[in-house]
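An overview of the molecular structure
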Amino acid sequence: MGTDLPALLRSLRVWDAGTTTLPAFDPDTAPPTPLPLFTDWFAQAVTAGQPEPHTMSLATADEEGRPDVRIVMLHGADPDGWSFATHATSRKGRALEARPYAALAFYWPVLGRQVRVRGPVAPAPHEESQADLHARSTGALAAALTGRQSEELASADELREASAAAWTRARENPSEPAPTWTLYRLRPDTVEFFQGAADRAHIRLEYRSTGFGWSRALLWP
């Protein structure tokens, strides 16, 4: 028998009281710029035990305007922007070259929080991209050296062979370059902080870059 998807969906609840705490959030006390608030919320998500709080959805559009989304890892957030990495030759790398604008979304259900970041994206210099890669784990380097991301794969065996060879190279030469591996920075136009509330009066605070600093506004949930 197949799964009764509608019944399964109706059985689920968001922000179960056994696993979620909805903290109070007073937007009047928020800092004048978004980065300190993001850093604070990120640290709180880590402390609350949110699994993989550094993962985020990355939304792009290709040269024909067709949207795409996937989960990637946050590599950093500083005054220069929110950073992530991929092969420049991958599907998302090609999309960013055609349309260098993207959106990020973090979801931390243990606190009923979301953070959405949107803005133009630019690649970091090659040397910085390689330094970022080599500061990560051996597995990260092996994955980058496996290469041909997003290209069609003939078989699982081909992947296993390429991956094993890449692991060997990464262990033997931890500084081996991955030429197409690129660090990207998204410099935000807007950053939205969403705090869920049990009574559904959710708080949405949006920061907007004005060219002269940041403005803030509340949004209807």
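Quick look at the structure, then. Each chain has its residues counted from 1, running along the sequence as written. The predicted nature of this model means local features are confined to residues of pLDDT at least 70 and side-chain atom pairs, given and counted, to a pLDDT of 80 or more, with totals for whole chains, interfaces and linings taken over all residues. Side-chain measures were taken over the full set of non-hydrogen atoms in the model, leaving aside hydrogen atoms and water.

Concerning helix 3 (residues 91-98)
Remark: exposure states derive from per-residue accessible area (1.4 Å probe, protein chains only) relative to the maximum for the residue type, with buried under 20%, exposed over 50%, and partly exposed in between. Under the DSSP-based scheme used, a helix requires at least four consecutive residues in state H or I and a strand at least two consecutive residues in state E, with every element numbered from the N terminus. Those residues of helix 3 not exposed but buried are Lys92, Gly93, Ala95 and Leu96. Taken down its axis, helix 3 places every buried residue within 160° of arc, on the same side. Packing partners of the buried residues in helix 3 comprise strand 1 (55-61), strand 2 (67-73), strand 4 (81-87), strand 5 (101-108), strand 6 (113-123) and strand 7 (181-186). This arc is built from the directions going out from the helix axis to the C-beta atoms. By definition, residues are in contact when any of their heavy atoms lie within 4.5 Å.

Thoughts on helix 5 (residues 138-146)
For helix 5, the complete set of buried residues consists of Ala140, Leu141, Ala142, Ala144, Leu145 and Thr146. Each element contacted by the buried residues of helix 5 is listed here: strand 4, helix 4 (126-134), helix 6 (156-172) and strand 7. Following helix 5 by one or two positions, Gly147 has its phi on the positive side, about 75°.

A word on the packing of aromatic side chains
Note on ring pairs: Phe, Tyr and Trp rings are taken, using the six-membered ring of Trp, and paired if centres are within 6.5 Å. Classes follow the plane angle, with under 30 degrees stacked, over 60 edge-to-face and the rest tilted. Counted under the stated rule, the structure contains 12 aromatic pairs. Taken together, a centroid distance of 6.5 Å and an interplanar angle of 45° make the contact between Trp15 and Phe194 tilted. Taken together, the residues Trp15 in the loop between helix 1 (5-11) and helix 2 (34-47) and Phe194 in strand 8 (residues 190-195) connect sequence positions 179 residues apart. Summarising the aromatic geometry, the rings of Phe193 and Tyr207 are spaced 5.7 Å apart at their centres and angled 75° between planes, so their arrangement reads as edge-to-face. Linking Phe193 in strand 8 with Tyr207 in strand 9 (residues 203-209), this pair joins segments that are 14 residues apart in sequence.

Some details on unusual backbone geometry
For Trp15, which is not glycine, the phi torsion reads 60° and is therefore positive. The residue Ser150 is not glycine, and still its phi comes out positive at about 80°. Turning to its location among the elements, Ser150 is positioned in the loop between helix 5 and helix 6.

Considering the environment of Asp189
Secondary-structure assignment places Asp189 in the loop between strand 7 and strand 8. The class for Asp189 is partly exposed, based on a relative accessible area of 30%. Considered as a pair, Asp189 and Ser209 are 20 residues apart in the sequence and their alpha carbons are 5.0 Å apart. Each residue touching Asp189, except ones within four places of it in the same chain, is listed here: Tyr101, Arg118, Gly119, Pro120, Tyr207, Arg208, Ser209 and Trp214.

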